[in-house]
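Listed here are the chains, written in short residue letters.
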Amino acid sequence: GAQRWKESETASVLGPEPPALNASEMAASVERGKQWYSMELTACVKCHGPTGLGDGLSQDYDEWTKDWTVLAGIDPKHPRDWKEMKPHGALKPVIDRPRNFAYRAFRGGGEREDLFRRLVLGIEGTPMPPIARAQGGNPGLTDDQIWDLVHYVLSIGEGS
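Structural notes, computed from the coordinates.

Conventions used here
Residues numbered from 1 in each chain as written. Predicted model: local features only at pLDDT ≥ 70, side-chain atom pairs only at ≥ 80, totals over all residues. Heavy atoms only, no water. Salt bridge = Lys/Arg side-chain N within 4 Å of Asp/Glu carboxyl O. Helix = DSSP H or I, 4+ residues; strand = E, 2+ residues; numbered from the N terminus. Buried < 20%, exposed > 50% of the residue type's maximum accessible area, 1.4 Å probe, protein only.

1. Focus on the pattern of salt bridges
Then, number 1: Counted under the stated rule, the structure contains five salt bridges.
Then, number 2: A salt bridge links arginine 117 to aspartate 114; its shortest N-O distance comes to 2.6 Å. A residue pair is termed a helical-turn pair when its members lie 3 or 4 positions apart in one helix, as arginine 117 and aspartate 114 do in helix α7 (residues 112-121) at three residues.
Then, number 3: Given the relative accessible area of 16%, arginine 117 is considered buried.
Then, number 4: Taking the shortest distance from any N to any O, the salt bridge between aspartate 143 and arginine 133 comes out at 2.4 Å. Placement of aspartate 143 in helix α8 (residues 143-155) and of arginine 133 in the loop between α7 and α8 is noted, with a sequence separation of 10 residues between them.
Then, number 5: Since its relative accessible area comes to 28%, aspartate 143 is described here as partly exposed.
Then, number 6: Taken together, the shared-partner salt bridges in this structure form one network comprising Asp60, Glu63 and Lys66.

In structure tokens, the structure reads:
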């Protein structure tokens with residue numbers, strides 16, 4: 001049962017160990033991460049905003065809203081269209097707000113390994129996609145660059 005699942009091999013999901021960095025190395029990693037955050041390839045800025053406060057231009061509906069509206073041919077931006085579905089149990093469309101990193105409350109945990117996993121896997125049921133990884137000749141970030149991005153995200157809101 002659960003014990004077998006608990007003891008299973010999870011290295012491929014967990015990813016590599018976070019790097020051990022001294023203060024100056026961490027500062028350099030954060031600066032590099034800020035660059036990766038702003039790249040079109042990662043698209044972090046589009047949703048989380050230029051400073052990570054969740055105020056980007058792309059505000060998307062949650063997956064449940066997209067499922068019931070799109071499948072029924074309804075545009076969630078037009079209340080007149082979806083209100084006719086309310087008597088059938090439909091809820092008001094919900095915009096899935098991007099995380100404001102300054103709050104330091106992360107879905108799935110706030111440890112470095114947790115954020116690495118969120119970046120690599122995305123967050124199912126939300127607009128958060130997996131990050132493009134530089135594997136097999138594909139364009140994307142290397143594991144070291146993803147750690148830089150993790151360090152930048154964790155630096156947002158520190159000391160506030």
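Let us keep going from here.
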